[in-house]
Amino acid sequence: MAQVGGFDPNFINQYSHGGQQQGLPPHKHGYRRYSDKPVNLDYQVCIDRILQATDQQASIHLQQKLKTSPPDQKIQIVDAILGAGGSSGRAGQAYILMCNRFGNFLIQRCFEFGTPQQVESLAQAMRGNILTLACDPFGCHVVQKALDTVEEDCKAKIVTEMFRRISQTIIHRYACHVWQKVFEIRWTDAPPAVMTYVNNAVSGKWATVAVDETGSLVVQNIFENCPEHDKRPVLNEILQSVTTIAKGQWGNWVIQHILEHGTPADRAVVTQKVLEDAINLSLDQYASKVIEKTLRTAAQHSSIIAAASLVAAAAAGTANGTNFSVSDKSKDTPVASSTTSAINTTGGQRNSIESTGLPTLTVNGMTIRLTQEDVMTQYISTVCDGVLDRPRIPLIDIAADQYGNYIVQYILMNAGTQHRETCAALIKRHMVSLRGS
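What this report covers is the structure whose coordinates are included nearby. From a predicted model like this one, the values you see are computed outputs, not experimental measurements. (Residues numbered from 1 in each chain as written. Predicted model: local features only at pLDDT ≥ 70, side-chain atom pairs only at ≥ 80, totals over all residues. Heavy atoms only, no water.)

Concerning empty space enclosed by the protein
Now for step 1: Under the definition given, this model contains two cavities of 30 Å³ or more.
Now for step 2: Its volume calculated, the second largest cavity comes out at about 40 Å³.
Now for step 3: Together, Ala 123, Met 126, Arg 127, Ile 130, Cys 154, Lys 157, Ile 158 and Glu 161 line the second largest cavity.
Now for step 4: At the level of elements, α8 (116-126) and α11 (152-162) are the ones that each hand at least two residues to the lining of the second largest cavity.
Now for step 5: For the lining of the second largest cavity, the element with the highest residue contribution is α11, accounting for four residues. (1 Å grid on protein atoms, 1.4 Å probe; cavity = no way out; pocket = protein on both sides within 12 Å on 5 of 7 lines; lining within 4 Å. Points joined across faces, edges and corners; volume = space filled by probe spheres on them. Helix = DSSP H or I, 4+ residues; strand = E, 2+ residues; numbered from the N terminus.)

Listed below in structure tokens is the structure:
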């Protein structure tokens, strides 16, 4: 058989060790047979097979050996992978395997089963090339595994190399996953000022990052894993461009994340900006999801606040030795007979639960109510008012829209009685038009 690129695909079967043929057959059953019993096999043969023929089965064979072999054999395998260069970095084979389609999986297993000295040698092979690996479709997985397994001082060195090209890599198809892993690290000693560097590099660009396919994931990861003082600059920029980001295929998920998991102040800002442009957003393919999320989260948080106010009022009544009773006369307005309040003076924001059990929030001098009743009322009043450039009220256009109709369906199924009847009465007047849409 002719050689390909100077490499004979059958050389592995021709390899002799100790006068006997000990090479692995190229088919999967042969690899499995040699994995099932101890064989005097030169591991370098398998490594060469991966490097020169991108042999998946050779990689699987060595990974299985690392999982099941005695400690001394594991050490031999990792030493063979480190190659003649040992810990001298790129001179060894390890770096090349990191960028290999199947070799990267083998390196990841080495990080799991290697000795501390071998893990350090693998990390040394990566040093100076972190950015290249992070932007590689296979190498990025190795960097993530290294961040999971190496010592903290080594993690800091890896992260420091990522600081060289933050704005490019944070939205990179592969490097973005490395950044997400960085944000998830829980440092015990003095951590590198990751978000300080990131905010300095991406300042003024967070709205652009939020609408990017990979950038939106990074932004949400920052929301979930970074402390308030680190993520506040990101949030402030995004809150300034709520409607633009909400219309993005990927950005809408960022806005939905704030609505569902953000602080009351951030949710209030998003809710107000969304309702101010409710008509246009309701007719947009992606922003319509944000509108529906706004209505849903208002209902969810109203239930939580109402339950908390009832518990607090009951506790207050018990403490005073008085009887406590609740009268819930409306689906939309839970009422407690006691008054509770909570004030947060941070940033000049005030949260309160009044005698009605309903939350209010003052942001920049504007009082915003986040209950389902108030949010639903504002939305319905906006879409039911006539608009000069429209021949019919926006509610009907939304009901007839391929995306907006889901919002109307949600209102008819989940809103209070008064809101449902209002929408239903208006829709009935245009049934002929809606049936034909």
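Some details on the nonpolar core
Now for step 1: By size, the foremost hydrophobic cluster in this structure holds 105 residues, and its most contacted members are Trp 179, Val 198, Ile 238 and Tyr 379.
Now for step 2: Those residues in contact with Val 198 that lie beyond four places of it in its chain are Ile 166, Ile 170, Trp 179, Phe 183 and Trp 206. (Core = buried A, V, L, I, M, F, W, Y, C linked by side-chain atoms within 4.5 Å. Buried < 20%, exposed > 50% of the residue type's maximum accessible area, 1.4 Å probe, protein only. Contact = heavy atoms within 4.5 Å.)

Description of the packing of helix α23 (residues 372-383) against helix α25 (residues 405-414)
Now for step 1: In the contact formed by α23 and α25, the axes pass within 13 Å of each other and the chain directions differ by 135°. The orientation of α23 relative to α25 falls into the category oblique. Taken as a pair, α23 and α25 cross one another with a handedness that is left-handed. Between α23, through Gln 372, Met 376, Tyr 379 and Ile 380, and α25, the contact on the second element is made entirely by Ile 407, Tyr 410, Ile 411 and Asn 414.
Now for step 2: In terms of residue class, the contact of α23 with α25 is made up of six nonpolar, two polar and no charged. (Axes fitted to C-alpha atoms, helices over the stretch in contact; angles between N-to-C directions. Parallel < 35°, antiparallel > 145°, perpendicular 65-115°, else oblique. Left-handed = near helix turned anticlockwise from the far one by under 90°. Nonpolar A, V, L, I, M, F, W, Y, C, P; charged D, E, K, R; others polar.)

As for the packing of aromatic side chains
Now for step 1: Applying the stated criterion across every chain, the model contains two aromatic pairs.
Now for step 2: Their ring planes at 15° and their centres at 4.3 Å tell us that Phe 163 and Tyr 197 sit as a pair that is stacked. Taken together, the residues Phe 163 in the loop between α11 and α12 (166-169) and Tyr 197 in helix α14 (residues 194-202) connect sequence positions 34 residues apart.
Now for step 3: The class of Phe 163 is buried, set by a relative accessible area of 16%. (Phe/Tyr/Trp six-rings, centres within 6.5 Å; stacked < 30°, edge-to-face > 60°.)

Don't take any of this as a statement about function, it's just geometry.
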